[in-house]
Amino acid sequence: MNQSKDPFEAAYEEQEESPPDSPLAPDDLDGRPSSPPSAAAPASQDAATAPDDDETGTAGVNPSDPSPSAPASASAKIKRNSKEEDEDEEEENVEVELAKFPSSADPNKMAKMQTILSQFTEDQMSRYESFRRSALQKATMKRLLVSITGSQKISMPVTIVVCGIAKMFVGELIETARSVMTERNESGPIRPCHIRESYRRLKLEGKVPKRSVPRLFR
Amino acid sequence: MSSSGAAGQSAKPAKAGSSQPSETSVKRKRGMFQKDLQHMMYGFGDDPNPIPESVALVEDIVVEYVTDMVHKAQDIGSKRGKISIEDFLYLIRKDTPKLNRCTELLSMQEELKQARKAFDVDEEKLASLE
């Protein structure tokens, strides 16, 4: 396995070649009983399991596959398994006209990204990798949505979109918390007081939906 | 202000027809998103090992956020028992980065669906050849 390149660089180069025809190595995808019985499982199959991890405009290539050197690769694999099972079941429920959303495959942007990525330090690279790969579990989110709405049917796109929105919200929280820390000239891991302050600021900015009935006790 | 305690309680995923939104949060398991959130927080700028209380607090905030969003979507969009994507898109219309991300996710989903369909068709051809 080629470990000399960064995983994202390797993925960028890989997508220019033809998609792999050979079945993926068995250790890459541990025991997927719900996957189709065929032996061949090309990249499109596997990329389907992690739509929100894929790079922009590269449908069918999962950057994490070719050189899985991530510290969280084990948990990412397990995540992918459960995601794939969910998607197979839920495809019939998609009613929305998804085709009206254009895809963004901008070669300029990708080239720029590549130059930036090539100059990352190891620390930055690992953080970027965590940023790209981390995601809230679709199954857990679906369970949460079902418990909130009380309805049993939550379509797949809704789950995916909510996971994406929640991830961005976490990003806003953490970034605001970091800026709170720099204002107070503190360093180290983020503490709950910073997060509370950051949440308060986000509320003032109007980025947090207000409850129509305020909750009395947390 | 004590953090909402649901320590050790078992999860009750389906509360059919519940009209008490605040109760759901007490019944859910602790640490629903814990592992994922740790990686996510690191990715967004926290320490490689975030403080557990911070992770728990972020999880509470996120669950509250999702709950409020879903309730708003239910109110706005439709009284038909289902939630539709359009409702969410309407909710975040003011927030440009989120809106862009959502359209990106949805278009990618569509592409992947097409790719998988193409794969299935090829599969059948291969099978019929043999």
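Everything quoted here is computed from the prediction, not taken from an experiment.

**Some remarks on the overall build of chain B**
Helix and strand counts for chain B stand at five helices and zero strands. A burial count over chain B gives 44% of its 130 residues as buried. Considering only contacts in chain B between residues 6 or more positions apart, those separated by 24 or more positions represent 28%. For chain B, the accessible area works out to roughly 6,700 Å², and carbon and sulfur atoms hold 53% of it.

**Topic: the packing of aromatic side chains**
Overall, the coordinates contain four aromatic pairs over all chains when judged by the stated rule. Centre to centre, the rings of phenylalanine 120 of chain A and tyrosine 128 of chain A are 5.8 Å apart; their planes meet at 75°, and the pair counts as edge-to-face. Relative to phenylalanine 44 of chain B, the ring of phenylalanine 131 of chain A lies with its centre 5.3 Å away and its plane at 70°, an arrangement referred to as edge-to-face. With one member in each of two chains, phenylalanine 131 of chain A in helix H5 (residues 122-133) and phenylalanine 44 of chain B in helix H2 (residues 34-44) form a pair that bridges those chains. Following the ring pairs from residue to residue traces out a cluster consisting of Phe120, Tyr128 and Phe131 of chain A together with Phe44 of chain B. A cation over an aromatic ring shows up here: lysine 167 of chain A above the ring of phenylalanine 131 of chain A, its NZ or CZ 5.3 Å from the ring centre.

**Details of the packing of helix H8 (residues 192-205) of chain A against helix H3 (residues 52-76) of chain B**
Their axes nearest at 9 Å, the elements H8 of chain A and H3 of chain B cross at an angle of 25°. It follows that H8 of chain A is roughly parallel to H3 of chain B by the angle criterion. Facing Pro192, Ile195, Arg196 and Tyr199 of chain A of H8 of chain A, the residues of H3 of chain B in contact are Glu53, Ser54, Leu57, Val58, Ile61 and Glu64 of chain B.

**What to know about the nonpolar core**
Judged by nonpolar contacts, the single largest core of 49 residues is most densely connected at Met141 and Phe169 of chain A together with Val58 and Val66 of chain B. Those elements giving two or more residues to this core turn out to be helix H6 (138-149), helix H7 (156-183) and H8 of chain A together with H2, H3, helix H4 (85-91) and helix H5 (96-129) of chain B. The element best represented in this core is H7 of chain A, accounting for 12 residues. Residue contacts for valine 66 of chain B: discarding those within four places in its chain leaves Met141, Leu144, Leu145, Ile148, Val162 and Ala166 of chain A.

**Observations concerning the pattern of salt bridges**
All names here are of chain A. In total, this model carries nine salt bridges over all chains according to the counting rule given. Where arginine 191 meets glutamate 186, a salt bridge forms, and the shortest distance between an N and an O atom there is 3.6 Å. Given the relative accessible area of 27%, glutamate 186 is considered partly exposed. For the salt bridge of lysine 207 with glutamate 205, the shortest nitrogen-to-oxygen distance reads 3.5 Å. Connected through salt bridges with shared partners, the residues Glu183, Glu197, Arg200 and Arg201 form a single ionic network.

**Side note on the confidence of the model for chain B**
All names here are of chain B. Looking at chain B, the pLDDT average stands at 77 and 74% of residues meet or exceed 70. Looking over chain B, one finds the lowest element-wise mean pLDDT in helix H1 (residues 21-27), namely 48, and the highest in H2, namely 90. Note that pLDDT drops below 50 for residues 2-26; the model gives that stretch 34 contacts with residues more than four away or on any other chain.

**Digging into the packing of H5 of chain A against H2 of chain B**
Taken N-terminus to C-terminus, the directions of H5 of chain A and H2 of chain B make an angle of 130°; their axes are 7 Å apart at the nearest point. Considering the angle they form, H5 of chain A stands oblique to H2 of chain B. The handedness of the crossing between H5 of chain A and H2 of chain B comes out as left-handed. Facing H5 of chain A, whose interface residues are Asp123, Ser126, Arg127, Ser130 and Phe131 of chain A, H2 of chain B presents His39, Tyr42, Gly43 and Phe44 of chain B. Grouping the constituent residues of the contact of H5 of chain A with H2 of chain B by class yields three nonpolar, four polar and two charged.

The rules we used
Residues numbered from 1 in each chain as written. Chains lettered and ligands numbered in written order. Predicted model: local features only at pLDDT ≥ 70, side-chain atom pairs only at ≥ 80, totals over all residues. Heavy atoms only, no water. Helix = DSSP H or I, 4+ residues; strand = E, 2+ residues; numbered from the N terminus. Buried < 20%, exposed > 50% of the residue type's maximum accessible area, 1.4 Å probe, protein only. Contact = heavy atoms within 4.5 Å. Areas by Shrake-Rupley, 256 points an atom, 1.4 Å probe, with all protein chains shown as cover. Phe/Tyr/Trp six-rings, centres within 6.5 Å; stacked < 30°, edge-to-face > 60°. Lys NZ or Arg CZ within 6 Å of the ring centre and 35° of its normal. Axes fitted to C-alpha atoms, helices over the stretch in contact; angles between N-to-C directions. Parallel < 35°, antiparallel > 145°, perpendicular 65-115°, else oblique. Core = buried A, V, L, I, M, F, W, Y, C linked by side-chain atoms within 4.5 Å. Salt bridge = Lys/Arg side-chain N within 4 Å of Asp/Glu carboxyl O. pLDDT = per-residue confidence, 0-100. Left-handed = near helix turned anticlockwise from the far one by under 90°. Nonpolar A, V, L, I, M, F, W, Y, C, P; charged D, E, K, R; others polar.

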